[in-house]
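Residues per chain, in single letters:
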Amino acid sequence: MIEILFFFFAALAVGAAINVLVQKHVLYSALSLIVMLTAMSALFILLQADFLAVIQVIVYAGAIMVLFVFVIMLLNLPEDEDGADRLRWLKFLGIPLGLFLLFLAVVTLWNVERPEVVEAQISGTPELIGRSLFTDYLLPFEATSLLILIALMGAVVFAKKDL
Amino acid sequence: MIPLNWYLILGAVLFVIGVLGFFLKRNIIALLLSVEIMLNAVNLTFVAFSSQRGQISGQVFVFFVLVVAAAEAAVGLALVIAMYRNRETLNVDRSNLLKW
């Protein structure tokens, strides 16, 4: 049963990701990416990372993608224009090279040394994650707040009228 | 119980799709979306290993990846707006002042 769910959501994620590339209009790409993010959150639930699944929907699909869609609609873009002509043949080279990269990645993953399987299953509850975040990872957590502050100021400066 | 390999291969497939999108698409917002796909593939790998090893650290790292993704989206989209205001196009091939 759980395998069926895995294959369903894996196929949904891969299909939506491919659809992101295929769509001509970038708005449809963004909407397709939201489908992919939701499928990923279902996969997180299958891995018993409950809290991350919730965060994935709220922060990723909810906040970040709304930002993308907002900007796309703000700019009121036309459809994708094709790139310069000298780059057209590169498209036919790109797909075999991408498949080659996939082949290399799968071979590497197959031969990598596996960690020993731990039987004790953890579930990523907010309590466990929060405890780890505020003890072992306190310094990275505080550094994160600085990063967000800098990103915020940078975004305001870049979006100013007289750049 | 689903084997770890399946998750790793799904992560690899999604990452390669993101790489392909980054190199094949010419719209700068589509490039940012491809980066999001790649970040999500990495997140899936993190969570799969965390679940396999019974350690929570992998899931905490996904948080940091998420924060970096949010910061990247904010700054990147501000740059997109500035670029569109100056050049009236989002095609990365047309902003070639720094190319020789």
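Residues numbered from 1 in each chain as written. Chains lettered and ligands numbered in written order. Predicted model: local features only at pLDDT ≥ 70, side-chain atom pairs only at ≥ 80, totals over all residues.

## Remarks on unusual backbone geometry
All names here are of chain A. Phi angles above zero are rare outside glycine, and Gln 48 is one such case at about 60°. Take Gln 48: it is sitting in the loop between helix 2 (26–46) and helix 3 (50–75). The class of Gln 48 is partly exposed, set by 17 C-beta atoms lying within 10 Å. (Helix = DSSP H or I, 4+ residues; strand = E, 2+ residues; numbered from the N terminus. Buried ≥ 20, exposed ≤ 12 C-beta atoms within 10 Å, placed from the backbone.)

## Details of the packing of helix 2 of chain A against helix 3 of chain A
All names here are of chain A. One can describe the packing of helix 2 onto helix 3 by two numbers: an axis separation of 8 Å at closest approach and a directional angle of 175°. The pairing of helix 2 with helix 3 is recorded here as roughly antiparallel in orientation. Contact residues: Val 26, Leu 27, Ala 30, Leu 33, Ile 34, Leu 37, Thr 38, Met 40, Ser 41, Phe 44 and Ile 45 in helix 2; Asp 50, Leu 52, Ala 53, Gln 56, Val 57, Tyr 60, Ala 61, Met 65, Phe 68, Val 69 and Ile 72 in helix 3. Split into classes, the residues belonging to the contact of helix 2 with helix 3 amount to 18 nonpolar, three polar and one charged. (Axes fitted to C-alpha atoms, helices over the stretch in contact; angles between N-to-C directions. Parallel < 35°, antiparallel > 145°, perpendicular 65-115°, else oblique. Contact = placed C-beta atoms within 7 Å. Nonpolar A, V, L, I, M, F, W, Y, C, P; charged D, E, K, R; others polar.)

## Details of the nonpolar core
Counting 61 residues, the largest nonpolar core has Ala 13 and Met 36 of chain A together with Ile 29 and Val 47 of chain B as its most contacted members. Mapped by element, the contributors of at least two residues to this core are helix 1 (2–22), helix 2, helix 3 and helix 6 (138–158) of chain A together with helix 1 (4–24), helix 2 (28–53) and helix 3 (57–87) of chain B. For this core, the element with the most residues is helix 2 of chain B, which contributes twelve residues. Not counting the four nearest positions on each side in its chain, Val 47 of chain B is found in contact with Phe 44, Leu 47, Ala 49 and Leu 52 of chain A together with Gly 58, Gln 59 and Val 62 of chain B. (Core = buried A, V, L, I, M, F, W, Y, C linked by C-beta atoms within 7 Å.)

## Here's the deal with the domain arrangement of chain A
Domain annotation for chain A reports domain 1 (1–78) and domain 2 (125–163). Using C-alpha coordinates to define each centre, domain 1 of chain A is positioned 23 Å away from domain 2 of chain A. (Domains from an automatic or database assignment.)

## Observations regarding the environment of Leu 27 of chain A
All names here are of chain A. Looking at where Leu 27 falls in the secondary structure, it is placed in helix 2. Residues Leu 27 and Asn 76, spaced 49 residues apart in sequence, show a C-alpha to C-alpha distance of 9.8 Å. Apart from residues lying up to four places away in sequence, Leu 27 is in contact with Val 69 and Ile 72.

## Observations regarding the interface of chain B and chain A
Every contact between the two is made by 56 residues of chain B and, on the other side, 70 residues of chain A. Only helix 1, helix 2 and helix 3 of chain B provide two or more residues apiece to the side of chain B that touches chain A. By residue number, the principal contributor to the side of chain B that touches chain A is helix 3 of chain B, which donates 21 residues. Of the residues belonging to the side of chain B that touches chain A, the class tally is 42 nonpolar, nine polar and five charged.

## Points about helix 2 of chain B
All names here are of chain B. The end-to-end C-alpha separation of helix 2 is 38 Å, in line with the 38 Å expected for 26 residues at 1.5 Å each. Most of helix 2 is tucked away: 21 of the 26 residues are buried. A positive phi of about 70° marks Gly 54, the residue just after helix 2. (Expected span 1.5 Å × (residues − 1).)

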